[in-house]
Structure formats: C-alpha cells, structure tokens
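Reading the structure
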Amino acid sequence: MPLISCWYVMTALRVAKMLSDQAFMRYNRQIMLPEIGEEGQQQLGQAQVLLVGAGGLGSPAALYLAGAGVGNLIIADDDEVDSSNLQRQVIYRDSHQGQSKVQAAAEQIKALNPHIRVRPVQARLAGQRLTMEVALADVVLDCSDNLTTRHAVNQACFNAKKPLISGASIRWQGQLMAFDFRQGHGPCYHCLFPWQPETPQEPQNCSNSGVAGPVVGMMGTMQALETIKVITGAGEVAFGSLQQFDGLTMAWQKFNLAKDKRCPVCGTGE
Ligand SMILES: [Zn+2]
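The written sequence of each chain sets the order in which its residues are numbered from 1. Two thresholds apply to this predicted model, a pLDDT of at least 70 for residue-level local features and 80 or more for giving and counting side-chain atom pairs, whereas whole-chain, interface and lining totals are computed over all residues. Just so you know, side-chain values use all the structure's heavy atoms and leave hydrogens and water out.

Here we take up the overall build of the protein chain. Strands here are runs of E lasting at least two residues and helices are runs of H or I lasting at least four, both read from the DSSP assignment and numbered beginning at the N terminus. Assigned secondary structure in the protein chain consists of 11 helices and 8 strands. For the protein chain, whose C-alpha radius of gyration is 19 Å, the value lies close to the compact-globule estimate of 18 Å for 270 residues. Principal-axis analysis of the C-alpha atoms gives the protein chain an extent of 65 × 45 × 40 Å. Burial status follows relative accessibility: with a 1.4 Å probe on protein chains alone, a residue under 20% of its type maximum counts as buried, one over 50% as exposed, and anything between as partly exposed. When the 270 residues of the protein chain are sorted by exposure, 52% land in the buried category. Pairs at least 24 residues apart make up 61% of the contacts formed inside the protein chain by residues separated by at least 6 positions. Each accessible area value is a Shrake-Rupley result obtained with a 1.4 Å probe; residue values ignore everything except the protein chains displayed when judging cover. As presented, the protein chain carries roughly 13,300 Å² of accessible surface, and 55% of it is formed by carbon and sulfur atoms. With the radius of gyration taken over C-alpha atoms, the globule rule is written as 2.2 Å times the number of residues to the power 0.38. Here, residues are in contact when the closest pair of their heavy atoms is within 4.5 Å.

So, in structure tokens, the structure goes:
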C-alpha cells in the first residue's frame, strides 16, 4: 500500500480519537512510539514547561519541546542577542542581534509550531515572580548561566514540589542533573553544590572559559528529552543523578547523588 494511503487508513481507523487528524499527522513519528502514543501526545499538549534561560541550553530545549507539541512554553531571560551568542544559541538568527532573547525565541518557536502557546518573560527570574512561575509549571528546566539563579530555581522547585531538569556546560564538559521533588525525598542541587549567598559568583563561565557549541547543545537536547519522559511517563528519568559528558573523549560518567541530611534546602539545615 502506498505510504500516503497507509496513513489515510491508519488515521481513519483510530478507535478513540484523542487528537485532531492534523495533530495526529504532525506528531505521528513520536505517537508511533508505544511509550508515548496518543495519550502521551495529549499529555504533552496539556503540559506547561518553564525554561529558565534562553541561551545555549534553552535554545535546543525550547525548539525540541516546541516540535514535540508541548502545549505551553514559558521562556524567561533578561538578555539580548549578541553576536557572540550565535556560535551555540541555535534558536537565534543573525538578524536577531540586539533584540530581546525571549521575544526572538518566542518568534522562532511560533514559526516552528504555531499550534502551541509560548509566553516570553523578559526577566531574570527571582523572588515572587520565580515562585509564581514555578508554581504554574509541570516541569522546570534550569538553562541558566549563574549560581544565584540555579540555587533560587532549586529552592523554588523544592518548595513547590516540581521536577527540575538542570543542565550545565563549560569548555568541553557538559552536565545533566534531574531532581524529583514531587515525593519530597531525594537530593537537590544544593546537596551537590553547597553554596552560600556570600560566595563570590563563579569564576568560570562561558564568557571567560569558552564552551563548545555542540556540547551545550547536547545538554539542552537531553533536558528536552528528560522533560518529554517526565510528562509522558516514558522510560526512566535519571532522577537523583549527575551525568557528565566530556566532548574531547566522548566519555560519559554517571554518578548517583546522595542527599545531604543537613542540606538547608531539602534537609534539616543544621
Ligand atoms: Zn539538598
């Protein structure tokens, strides 16, 4: 049977139509995956995902989540597109230089998938606003580039019992961490990276140490993958672990994280 009529028959034979024929066709390559199916696609369409940061991690994460049909994307960043971003922040075009990152990202997301909602938040999320945005989200992606935001996002996700998928990258190294605060146990970001507010900002970042574009892109892509799995329940999300990738050797290392009982965020704080 020719492919086109095969799809015609498959669409016509769907017993319980959860999705429109248009959505069924658009997402059929992932609906074919038994771990997702029409039910998973519907869950993706109803989900709200918060991306904190629209840089090298947020770019591929937002594009893949938009492509997958995640129905509500909230993307927060206070920065503007600079020529030095274009080496790795693949959601932007040369013509976006000088524009608000979240406005440009929202434009690109809508161009890719006009069937989803995207809400740009032009701010470095903190305090009440961060608390509110985390409360509204089903899953939070930390795609930020500074320790202050990372710890604030960790605290907000712990308080609101939201799953947190955190990515990081510098030079040739990438890190992926996932924390499940829904059940109220397991480690948090602070257990792994203890930090005090008076600690000076991290001495190393992309602007003073450099970063390989594909490595940060891989981490953002994996954040999107884990998010799709959290929403649909597919497979096993690597919660409570740190996965580290070395782009120079292509080696992966996985570490199971232990909860720090005295952690001021998720432990006793003593
Ligand atoms: Zn902790």
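Tracing the backbone through its elements, the reader meets aspartate 94 in the loop between strand S2 (72-76) and helix H6 (101-112). Residue classification places aspartate 94 among the exposed residues on the basis of a relative accessible area of 56%. The spatial distance from the C-alpha of aspartate 94 to the C-alpha of serine 83 is 7.4 Å, given a sequence separation of 11 residues.

Moving on, we come to the pattern of salt bridges. For salt bridges, the criterion is a side-chain nitrogen of Lys or Arg within 4 Å of an Asp or Glu carboxyl oxygen. Enumeration according to the criterion identifies 6 salt bridges in this entry. With a shortest N-O distance of 3.8 Å, arginine 124 and aspartate 78 are connected by a salt bridge. Taken together, the residues span a long stretch of sequence, with arginine 124 in the loop between strand S3 (117-121) and helix H7 (127-136) and aspartate 78 in the loop between S2 and H6 at a distance of 46 residues.

This part covers the packing of aromatic side chains. Pairing of aromatic side chains here covers Phe, Tyr and the six-membered ring of Trp, requires ring centres within 6.5 Å, and sorts the geometry by plane angle: under 30 degrees stacked, over 60 edge-to-face, intermediate tilted. Enumeration over the complete set of coordinates arrives at 4 aromatic pairs. Geometrically, the ring pair formed by phenylalanine 245 and tryptophan 252 is tilted, given 4.9 Å between the ring centres and 45 degrees between the ring planes. Here phenylalanine 245 falls in the buried class, since its relative accessible area comes to 2%. For tryptophan 252, a relative accessible area of 40% corresponds to the partly exposed category. Joined through ring pairs, the aromatic side chains of Phe158, Phe179 and Phe181 make up one cluster.

Moving on, we come to the nonpolar core. Of all hydrophobic cores here, the largest spans 48 residues; its most connected members are Val49, Leu51, Leu73 and Leu141. Secondary-structure elements contributing two or more residues to this core are helix H2 (21-26), strand S1 (48-52), helix H5 (58-68), S2, H6, strand S4 (139-142), strand S6 (173-179) and helix H11 (213-232). If one sorts the elements of this core by residue count, H11 sits on top with 8 residues. Among residues more than four places away in sequence, those in contact with leucine 73 are Val49, Leu51, Ala62, Leu65, Ala66, Ile109, Ile116, Arg117, Val118 and Arg119. Of all hydrophobic cores here, the second largest spans 29 residues; its members include Ala156, Ala168, Cys263 and Val265. Residues belong to one nonpolar core when they are buried, are Ala, Val, Leu, Ile, Met, Phe, Trp, Tyr or Cys, and are joined through side-chain atoms within 4.5 Å.

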